[in-house]
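A look at the structure
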Amino acid sequence: MSSKPILFSGMAPSADSLQIGNYIGALLQWKEMQQANDAIFCVVDLHAITVPQDPAGLPDHTRRTAAQYIAAGIDPTMSILFVQSHVSAHTELAWILNTITGFGEASRMTQFKDKAAKQGTEAASLGLFAYPTLMAADILLYDTNVVPVGDDQKQHIELTRDLANRFNSRFGETFVIPEAIIMKETARIYDLQNPESKMSKTSASDSGVVWMMDEPSKTAKKIRSAVTDDDREIRFDRGAKPGVSNLLTILSAFTGTSVELLEQRFAGRGYGDLKGEVADAVVSTFEPIRSRALELLDDPSELDRILAVNAERAEAIAQPMLAKVYDRVGLLPRVRR
Ligand code: TRP
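Since the structure is predicted, the reported quantities are computational estimates derived from the model, not experimental observations.

Rules of the game
Residues numbered from 1 in each chain as written. Predicted model: local features only at pLDDT ≥ 70, side-chain atom pairs only at ≥ 80, totals over all residues. Heavy atoms only, no water. Buried < 20%, exposed > 50% of the residue type's maximum accessible area, 1.4 Å probe, protein only. Helix = DSSP H or I, 4+ residues; strand = E, 2+ residues; numbered from the N terminus. Domains from an automatic or database assignment. Contact = heavy atoms within 4.5 Å. Buried area = accessible area lost by both parts, 1.4 Å probe. Nonpolar A, V, L, I, M, F, W, Y, C, P; charged D, E, K, R; others polar. Axes fitted to C-alpha atoms, helices over the stretch in contact; angles between N-to-C directions. Parallel < 35°, antiparallel > 145°, perpendicular 65-115°, else oblique. Left-handed = near helix turned anticlockwise from the far one by under 90°. Phe/Tyr/Trp six-rings, centres within 6.5 Å; stacked < 30°, edge-to-face > 60°. Lys NZ or Arg CZ within 6 Å of the ring centre and 35° of its normal. Near = heavy atom within 4 Å. Polar contact = N/O pair within 3.5 Å; in protein donor to acceptor, adjacent residues only side chain to side chain. Areas by Shrake-Rupley, 256 points an atom, 1.4 Å probe, with all protein chains shown as cover. Expected span 1.5 Å × (residues − 1). Salt bridge = Lys/Arg side-chain N within 4 Å of Asp/Glu carboxyl O.

Now for helix α8 (residues 131-140). Counted residue by residue, α8 has 10 buried out of 10 residues, so it is predominantly covered. Those residues of α8 not exposed but buried are Tyr131, Pro132, Thr133, Leu134, Met135, Ala136, Ala137, Asp138, Ile139 and Leu140.

Take a look at the structure:
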């Protein structure tokens, strides 16, 4: 056992491709964090199906998401990279956590309220309601110390901590209390065509979303057609200049240059220059990632083998934890014969 902190994070396989926000807000930082932590990355397919998914498309989305993790630098021999549904302890622990979660407590989760409102509250499933307890199970099975997430997930981590503490005080010390690492605000990327709203895998129009798996020429074209504004100044001002600010944020993330420095460098220059540099920076980063992901997807049985090995590694940690939880709760052990 190493003495590094244990890190757990995940993303749902809800599309063919991750987008630029997933890259900057998650993958890029995960890749760095896997050095200093014992990292576990999960493709959360069971979370994906809390809203309707096409069964014919889901296996491919799951493989593609895993391939993009690897292509972007997640090392599946150092870190653990696995598919949530491959390790049944996740749903089993989620059930136990459901039994100590208050109905009112779960009702206060703002993501549930938002997603339920989007679908029409009558259509929202019990699975969507239980999304946060499944997420808590993901985290608590592995003695996780740190959980890097976007700020929209902060409330779920708070719930996870509450549930871990509650379980520990009712049934005896069992879970490590995890800490959220909230990924920085600069990671917030907005829709290129509608820079007031967050760029999202489920965005209405495709032209505002930069996908990691898009062809480079398409990506460059989208960036060059990004909505800006009528004056000519290149400066960061989210309120007055959301489009330009978004482009500066992207360029800063892809080049590691601060926004202030970029503002100085672009003083007196036009939007075309800015867009050109953003396009170059994004394309030169995504090109090799895309090629590597396509290569991995060309050999699905090898990819499935990597995922199988990693599911075993995850299960070797998760299953004993689940057994301990069952024991603490007082479930009669099944005798193996
Ligand atoms: N809910 C997270 C999101 O939408 C995804 C997720 C599922 C997750 N399980 C997790 C993140 C466990 C961190 C840890 O981004």
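Bringing the domain arrangement of the chain into the picture now. Interface extent is often summarised as the accessible area lost during association of the parts. Domain assignment breaks the chain into domain 1 (6-187 + 300-329) and domain 2 (206-294). For domain 1 and domain 2, the distance between their C-alpha centroids amounts to 30 Å. Each partner contributes to the interface: domain 1 provides 16 residues, whereas domain 2 provides 15 residues. Approximately 1300 Å² of surface area, both sides summed, lies buried where domain 1 meets domain 2, with 80% of it carried by carbon and sulfur atoms. Interface area lost by domain 1 to domain 2 is led by Ile20, Tyr23 and Ala71, which between them contribute 39%. Elements supplying a minimum of two residues to the side of domain 1 that touches domain 2: α1 (20-36) and α3 (58-71). If you tally residues by element for the side of domain 1 that touches domain 2, the top one is α1, at 5 residues. Of the residues belonging to the side of domain 1 that touches domain 2, the class tally is 10 nonpolar, 4 polar and 2 charged.

Attention now moves to the packing of α8 against helix α9 (residues 154-171). Here α8 crosses α9 at 65°, and the two axes come no closer than 9 Å. By the angle between their directions, the pair α8 and α9 is classed as roughly perpendicular. α8 and α9 meet at a crossing whose hand is right-handed. The segment α8 lies against α9, with Tyr131, Pro132, Thr133, Met135, Ala136, Ile139 and Leu140 engaging His156, Ile157, Leu159, Thr160, Leu163 and Ala164.

What follows deals with the packing of aromatic side chains. If you walk through the whole model with that rule in mind, you get 12 aromatic pairs. Plain terms: the ring middles of Phe167 and Phe175 are 5.0 Å apart, the flat faces sit at 55° to each other, and that makes the pair tilted. Grouping residues by exposure puts Phe167 and Phe175 together as buried. Among the aromatic residues, those joined into a ring-pair cluster are Phe8, Phe82 and Tyr142. Cation over ring: Arg238 sits above Tyr190, and NZ or CZ is 3.5 Å from the ring centre.

Moving on, we come to the site of the ligand. Every residue lining the ligand is accounted for by Phe8, Ser9, Gly10, Val44, His47, Tyr131, Met135, Asp138, Ile139, Val147, Val149 and Gln153. Measuring from a nitrogen atom of the ligand, one finds a side-chain N or O atom of Tyr131 at 2.6 Å. Between the ligand and Asp138, the relevant distance is 2.7 Å, taken from a nitrogen atom to a side-chain nitrogen or oxygen of the residue. Against a free-state accessible area of 360 Å², the protein chains account for coverage of 86% of the ligand. Where the shell around the ligand is concerned, the elements lending two or more residues are β1 (6-11), α8 and β4 (146-149). At 4 residues, the largest contribution of residues to the shell around the ligand is made by α8. When the residues that make up the shell around the ligand are grouped by side-chain class, the tally is 7 nonpolar, 4 polar and 1 charged.

Let's shift gears to the environment of Ala279. Topologically, Ala279 is positioned in helix α13 (residues 271-297). Each C-alpha atom, one on Ala279 and one on Ile223, is 5.9 Å from the other, the two residues being 56 residues apart in sequence. Contact partners of Ala279, with chain neighbours within four places excluded, come to Ala220, Ile223 and Arg224.

Turning our eyes to something else, we now look at helix α11 (residues 242-255). Taking 1.5 Å per residue, 14 residues should reach 20 Å; α11 reaches 20 Å between its end C-alpha atoms and fits that length. Burial analysis of α11 places 12 of its 14 residues in the buried class, which makes it a mostly covered element. Taken together, the buried positions of α11 are occupied by Pro242, Gly243, Val244, Ser245, Asn246, Leu247, Leu248, Thr249, Ile250, Leu251, Ser252 and Phe254. Check the buried side of α11 and you find it contacts α1, α10 (216-224), α12 (259-265) and α13. Gly256 sits one or two positions beyond α11 and adopts a positive phi of about 70°.

A few words on the side chain of Ser79. Here Ser79 lies in the loop between α3 and β3 (80-83). What makes Ser79 buried here is its relative accessible area of 1%. If sequence neighbours within four positions are ignored, Ser79 has contacts with Gln34, Ala39, Phe41, Ile74, Asn310 and Arg313.

Let us look at the side chain of Lys275. Assignment of secondary structure puts Lys275 in helix α13. When neighbours within four sequence positions are excluded, Lys275 is seen to be in contact with Ile223, Arg224, Ser225, Ala226, Thr228 and Leu247.

Within the structure shown, the criterion is met by 18 salt bridges. With a shortest N-O distance of 3.9 Å, Lys218 and Asp214 are connected by a salt bridge. In this structure Lys218 comes out as partly exposed when scored by relative accessible area, which is 41%. Note on Asp214: relative accessible area 11%, which makes it buried. For Arg292, the salt bridge is made with Glu295, and the minimal N-O distance between the two is 3.0 Å. With Arg292 and Glu295 both in helix α13 and 3 residues apart, the pair spans about one turn of that helix. Given a relative accessible area of 35%, Arg292 falls into the partly exposed group.

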